[in-house]
Amino acid sequence: MSSKQFDSKRRDFFKMGALTAVSLVFAGKIGSIASAADAPAVVLTEDDPMAKTLGYFKDANKVDVKKWPKRASPEGKKQFCNNCQFFTPEGKAQGKCQIFANKLVANKGWCNTWTAKVKT
């Protein structure tokens, strides 16, 4: 075997090794993302930092309408988590919210990201 052939095969070997290592890193990241999505959902609390930022209240009737005027209007009084585009029911009193990943929100809750369901 000539030294050029040896160098070429050696280069190919290292390229494949590097590609394999990178693939394993990405496979691990994808696996951790999938396992996070499969983790059991927990109930969102009003103390959660993201909940505070987005004005989540488990009882929509207790929303501070001066701070969150979207809820103050007559239309706002009809806004609840259970009629929001981002809500998926999970039992009688709660459901999952796409905004609060892997968290359960109250059916009669509200947050400032409320969006009307798209009618099909």
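Use the structure listed above.
For the structure given in this document, a descriptive report is provided here.

**Some words on the overall build of the protein**
Item 1. When helices and strands are counted, the protein shows two helices and four strands.
Item 2. Counting from the amino terminus, helix and strand elements in the protein follow one another as α-β-α-β-β-β.
Item 3. The long-range fraction of contacts in the protein, counting pairs at least 24 apart against all pairs at least 6 apart in sequence, stands at 55%.
Item 4. Counting only carbon and sulfur atoms, one obtains 62% of the accessible surface of the protein, whose full area is about 8,700 Å².

**Let's talk about the sheet that holds strand β2 (residues 87-89)**
Two pairing modes exist for strands in a sheet, parallel and antiparallel, and in both the strands are linked by backbone hydrogen bonds.
Item 1. Sheet architecture is open: four strands sit in the order β1-β4-β3-β2, paired in mixed fashion. In the strand order of this sheet, the two ends are held by β1 (42-43) and β2, each with one partner.
Item 2. For β1 and strand β4 (residues 103-106), the ladder comprises two bridges, and the chain directions are parallel. Bridging from a neighbouring strand, Val42 pairs with Lys103 of β4.

**What about the environment of Pro40?**
Item 1. If you trace the backbone, Pro40 turns up in the loop between α1 (3-38) and β1.
Item 2. Classification of Pro40 by relative accessible area gives exposed; the value is 69%.
Item 3. Expressed as a C-alpha distance, the spacing of Pro40 and Lys103, which sit 63 residues apart in the sequence, is 8.7 Å.

**Here we look at the packing of aromatic side chains**
A ring pair, where both rings are aromatic, is described by two values, the distance of the centres and the angle of the planes.
Item 1. For the coordinates displayed, the defined rule picks out one aromatic pair.
Item 2. When the centroid spacing of 5.9 Å and the interplanar angle of 65 degrees are considered together, the rings of Tyr56 and Phe100 count as edge-to-face. Of this pair, Tyr56 sits in the loop between α2 (49-53) and β2 while Phe100 is found in the loop between β3 (94-97) and β4, placing the two residues 44 residues apart along the sequence.
Item 3. A cation sits over an aromatic face here: Arg71 above Phe80, 5.0 Å from the ring centre.
Item 4. Between Lys108 and the ring centre of Phe80, over which it is positioned, the NZ or CZ distance is 4.7 Å.

**What about the environment of Phe80?**
Item 1. Mapped onto the elements, Phe80 comes out in the loop between α2 and β2.
Item 2. Between the alpha carbons of Phe80 and Phe57 there is a distance of 9.9 Å; along the sequence they are 23 residues apart.
Item 3. Once you skip the residues sitting within four places of it in the chain, Phe80 turns out to touch Ala60, Arg71, Asn107, Lys108, Gly109 and Trp114.

**Description of the pattern of salt bridges**
Two side chains bearing opposite charge may form a pair once their charged atoms approach each other closely.
Item 1. As enumerated under the stated definition, the model contains two salt bridges in all.
Item 2. The shortest N-O distance in the salt bridge between Lys103 and Asp48 comes to 3.0 Å. With Lys103 in strand β4 and Asp48 in the loop between β1 and α2, this pair connects stretches of sequence that are 55 residues apart.
Item 3. On the accessibility criterion, Asp48 (18% relative accessible area) is buried.

**Examining the pairing of β3**
Successive side chains on a regular strand alternate, one facing one side of the sheet and the next facing the other.
Item 1. In this sheet, β3 lies alongside β2 in antiparallel orientation, the contact comprising three bridges. By the bridge assignment, Pro89 is partnered in β3 with Gly95.
Item 2. Counting the residues in the hairpin turn of β2 and β3 gives four residues, including Gly91, whose phi is positive at 100 degrees.
Item 3. The sheet contact formed by β3 and β4 spans three bridges and is antiparallel. When the sheet's bridge partners are listed, Lys96 is paired in β4 with Leu104.
Item 4. Counting the residues that bridge the hairpin from β3 to β4 gives five residues, and of these Asn102 lies at a positive phi of roughly 60 degrees.

Conventions used here
Residues numbered from 1 in each chain as written. Predicted model: local features only at pLDDT ≥ 70, side-chain atom pairs only at ≥ 80, totals over all residues. Heavy atoms only, no water. Helix = DSSP H or I, 4+ residues; strand = E, 2+ residues; numbered from the N terminus. Contact = heavy atoms within 4.5 Å. Areas by Shrake-Rupley, 256 points an atom, 1.4 Å probe, with all protein chains shown as cover. Pairing = 2+ DSSP bridges. Buried < 20%, exposed > 50% of the residue type's maximum accessible area, 1.4 Å probe, protein only. Phe/Tyr/Trp six-rings, centres within 6.5 Å; stacked < 30°, edge-to-face > 60°. Lys NZ or Arg CZ within 6 Å of the ring centre and 35° of its normal. Salt bridge = Lys/Arg side-chain N within 4 Å of Asp/Glu carboxyl O.

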